[in-house]
Amino acid sequence: MRPRLILAVFLGLLLIAPLVASEFHVTLLNYIGLYAIVALGLVLLTGVGGLTSFGQAAFVGLGAYTTAYLSATENLPGWAASLGGSPWVGLLAGLLVTAVVAFVLGFLTLRLSGHYLPLGTIAWGISLYFLFGNLEFLGGHTGMSGIPALSVFGVELRESRKFYYVIWAVVLGAVWLTQNLLDSREGRAIRALKGGVIMAEAMGVDTARSKVVIFLVAALFACVSGWLYAHLQRFVNPTPFGLHIGIEYLFMAVVGGSAHVWGALVGAGVITVLKQWLQDWLPRLLGASGNFEMIVFGLMMIVVLQRARDGLWPILARLVPQREVRRDVPQGEVLPRKPVPESGLVLLEARNVVKQFGGLVANNNMSLTVKAGEVMALIGPNGAGKSTMFNCISGVNPPTKGEVRFRGEVVTNLNSRQIAKLGMSRTFQHVRLLPTMSVLENVAIGGHLRGSKGVLPAMLHLEREEEQRLLAEAARQVERVGLKDSMFELAGSLALGQQRTLEIARALCADPCLLLLDEPAAGLRYLEKQSLAELLRKLRGEGMGILLVEHDMDFVMGLADRVVVMEFGEKIAEGLPDEVQRDPAVLEAYLGGVD
Ligand code: ADP
Ligand code: MG
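A few points about the coordination of the magnesium ion (ligand 2)
Turning to step 1, where the next piece is worked out: For the magnesium ion (ligand 2), the full set of protein donor atoms is Ser 387 (OG) and Gln 429 (OE1), at a range of 2.0 to 2.1 Å. Of this pair, Ser 387 sits in helix 15 (residues 386–394) while Gln 429 sits in the loop between strand 10 (424–426) and helix 17 (439–446), placing them 42 residues apart in sequence.
Turning to step 2, where the next piece is worked out: Classification of Ser 387 as partly exposed rests on a relative accessible area of 23%.

The structure is reproduced here in structure tokens:
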């Protein structure tokens, strides 16, 4: 069956389920839907963005309690009385409260890295749970009842069969929004969070902002789920918003396949059904009552982590013939370009740059300049400090002392994102790309600063025109570096030499006036090197400044206008390629005195 047909069958089954299923099963499906909305947020946050949160249940609670408070409290205080009564006002208020709380919590915790972040989410997950239980006006641990039923188009949804359609419309809506978001400029930035932060920042992506975005989206999804829950149950107490439920949501996302949108539905379905089933059967089998299902879940989690780390979705997806990968090259209007600096103008000036790593002086008093329309080569033996110099210049790892000016501006204290904005673009000696994204998408990350449409247009797919132009630009750069045939392949499947070439296309996609290339020809075959040299000559002819680190001496000497030679972190020679090649100090130190 074709994927579209499977989707149609799935939607058809969803549509008729409440007409044929028993009350019990409809209720089960309702809960699966509610959980899936939360799990979907976790797919975005944890699976895609790599930020583990145990605290999502607390956001569900915020959504549920806000609407409960506004719609079920008799004698609301004056300011709230004017809002009270309507579940829809409860939804808006819940989203607002959640956004504010998530923003504050995100601000406090997202800067934590490693295991500190999950610990942070546990901390606020517990705090909010106890807040719900201890606030008098929220009914304490007994909770609140008398929450009105939801009315949609004048139909009061008192039965679960009717409520079902609202829940599943929200689930599908959330799937659509999430998929749209991931398939956009903002989505590429989000997908770079897991393992590509340094690269993305060097391409101008504000990764801290992307983290806040997915944190907010995940929290708002959870809030909507809580709102639905409150009006379905018409009663709330703190229990379903505690830490152990937060862990269960994470189970769902991981078991379903945490990096896949549909994995959230699979995970929510499998865990909910299994839990129900185990709750029924285990006590009977064991002849005792208790929460035995949690023990089985724990074991199941360990098996999943051992055997199917990517969850169930990829396994299911393998059973279905894959949709044909789109292979039509994106076409679109050319993006505007920055004015090209006048040839010969000094673009980059590094003065007395010192970089220390503890006691190691990796760069000592290094100075160099690069002009528009020239290729400057930085050479020296391994460990001389060339890559460190690149990091100092591009803001990836700023210098300990000294000054870097770019286009007349002091950039020593700017971060790599700010420097990228000024028109400097770089590649990395140890390639930094996103292996599970296509070549085209990887290159499009380079064009991040040339688009401006934000998260909302992306989620609603209102930015298609800009996206098309960005992808078309990326496609042109892919063709330009000679990777056209691999445009739709996964970047991780390329040979190392081609991955380096991909990085050049990505850097070019940013429309830079200064290009920093760290060993671009390593791993290339002879003919590939030739065409790379040709490309660099062409770029130089167009007025680009190029700073090049390369070990292949024929490549360097045939291309460079000027050469700086480094050894042990210091500059030992500088001049025209011919002069440098004859310099005794260079021959001695770099070429080992031969010739
Ligand atoms: P090159 O690119 O010329 O081969 P590098 O700039 O990579 O040299 O390295 C220069 C020296 O700095 C090496 O001794 C290397 O081990 C050290 N170095 C580079 N980066 C770091 C770092 N992040 N922390 C500590 N030492 C580093
Ligand atoms: Mg290096």
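Section: the packing of helix 2 (residues 23–48) against helix 7 (residues 160–182)
Turning to step 1, where the next piece is worked out: The interhelical angle for the contact between helix 2 and helix 7, taken along N-to-C directions, is 20 degrees, at an axis separation of 9 Å. For the element pair helix 2 / helix 7, the angle class is roughly parallel. Classified by chirality, the crossing of helix 7 by helix 2 is left-handed.
Turning to step 2, where the next piece is worked out: Of the residues that constitute the contact of helix 2 with helix 7, the class distribution is 19 nonpolar, five polar and two charged.

Structural notes on the domain arrangement of the chain
Turning to step 1, where the next piece is worked out: Taken domain by domain, the chain consists of domain 1 (27–73 + 85–242), domain 2 (341–423 + 512–595) and domain 3 (435–511).
Turning to step 2, where the next piece is worked out: Both faces considered, domain 2 and domain 3 share a buried interface measuring about 1,100 Å² in area, 69% of it formed by carbon and sulfur atoms.
Turning to step 3, where the next piece is worked out: Here domain 2 and domain 3 share one salt bridge between them.
Turning to step 4, where the next piece is worked out: Summed over the shared surface of domain 2 and domain 3, the result is three residue pairs in polar contact (both at pLDDT 80 or more).
Turning to step 5, where the next piece is worked out: When contributions to the side of domain 2 that touches domain 3 are tallied by element, the ones reaching two or more residues are helix 16 (416–421), strand 11 (514–518) and helix 21 (526–541).

Considering helix 6 (residues 116–134)
Turning to step 1, where the next piece is worked out: Compared with an ideal rise of 1.5 Å per residue, which puts 19 residues at 27 Å, helix 6 spans 27 Å between its outermost C-alpha atoms and is within 8% of the ideal.
Turning to step 2, where the next piece is worked out: Considering only its buried residues, helix 6 is in contact with helix 3 (56–72), helix 5 (87–109) and helix 10 (207–233).

Things to note about a nonpolar patch on the surface
Turning to step 1, where the next piece is worked out: A contiguous nonpolar surface patch, about 790 Å² in accessible area, is contributed by Leu 5, Val 9, Leu 13, Leu 15, Ile 16, Leu 19, Val 20 and Tyr 165.
Turning to step 2, where the next piece is worked out: If one sorts the elements of the nonpolar patch by residue count, helix 1 (residues 3–20) sits on top with seven residues.
Turning to step 3, where the next piece is worked out: Among the secondary structure elements, Tyr 165 is positioned in helix 7.

Notes on the sheet that holds strand 5 (residues 346–357)
Turning to step 1, where the next piece is worked out: Strand order in the open sheet formed by four strands is 6-5-8-9, and the pairing between neighbours is antiparallel. Unpaired on one side and paired on the other, strand 6 (360–371) and strand 9 (409–410) mark the two borders of the sheet.
Turning to step 2, where the next piece is worked out: Where strand 5 lies against strand 8 (residues 401–406), five bridges are found, and the strand directions are antiparallel. Looking at strand 8, one finds that Glu 349 is bridged to Arg 405.

Concerning the environment of Pro 341
Turning to step 1, where the next piece is worked out: For Pro 341, the position within the fold is in the loop between helix 14 (312–319) and strand 5.
Turning to step 2, where the next piece is worked out: The class of Pro 341 is buried, set by a relative accessible area of 11%.
Turning to step 3, where the next piece is worked out: With 204 residues separating them in the primary sequence, Pro 341 and Gly 545 have C-alpha atoms 9.3 Å apart.
Turning to step 4, where the next piece is worked out: The residues touching Pro 341, leaving out its near neighbours within four places in the chain, are Leu 347, Ala 372, Arg 407, Cys 513 and Gly 543.

Conventions we followed
Residues numbered from 1 in each chain as written. Chains lettered and ligands numbered in written order. Predicted model: local features only at pLDDT ≥ 70, side-chain atom pairs only at ≥ 80, totals over all residues. Heavy atoms only, no water. Donors = N, O, S within 2.8 Å, 3.2 Å for Na, K, Ca; no water. Helix = DSSP H or I, 4+ residues; strand = E, 2+ residues; numbered from the N terminus. Buried < 20%, exposed > 50% of the residue type's maximum accessible area, 1.4 Å probe, protein only. Axes fitted to C-alpha atoms, helices over the stretch in contact; angles between N-to-C directions. Parallel < 35°, antiparallel > 145°, perpendicular 65-115°, else oblique. Left-handed = near helix turned anticlockwise from the far one by under 90°. Nonpolar A, V, L, I, M, F, W, Y, C, P; charged D, E, K, R; others polar. Domains from an automatic or database assignment. Buried area = accessible area lost by both parts, 1.4 Å probe. Salt bridge = Lys/Arg side-chain N within 4 Å of Asp/Glu carboxyl O. Polar contact = N/O pair within 3.5 Å; in protein donor to acceptor, adjacent residues only side chain to side chain. Expected span 1.5 Å × (residues − 1). Contact = heavy atoms within 4.5 Å. Patch = residues over 30% accessible without salt bridge, like charges linked within 9 Å, V, L, I, M, F, W, Y side chains within 5 Å. Areas by Shrake-Rupley, 256 points an atom, 1.4 Å probe, with all protein chains shown as cover. Pairing = 2+ DSSP bridges.

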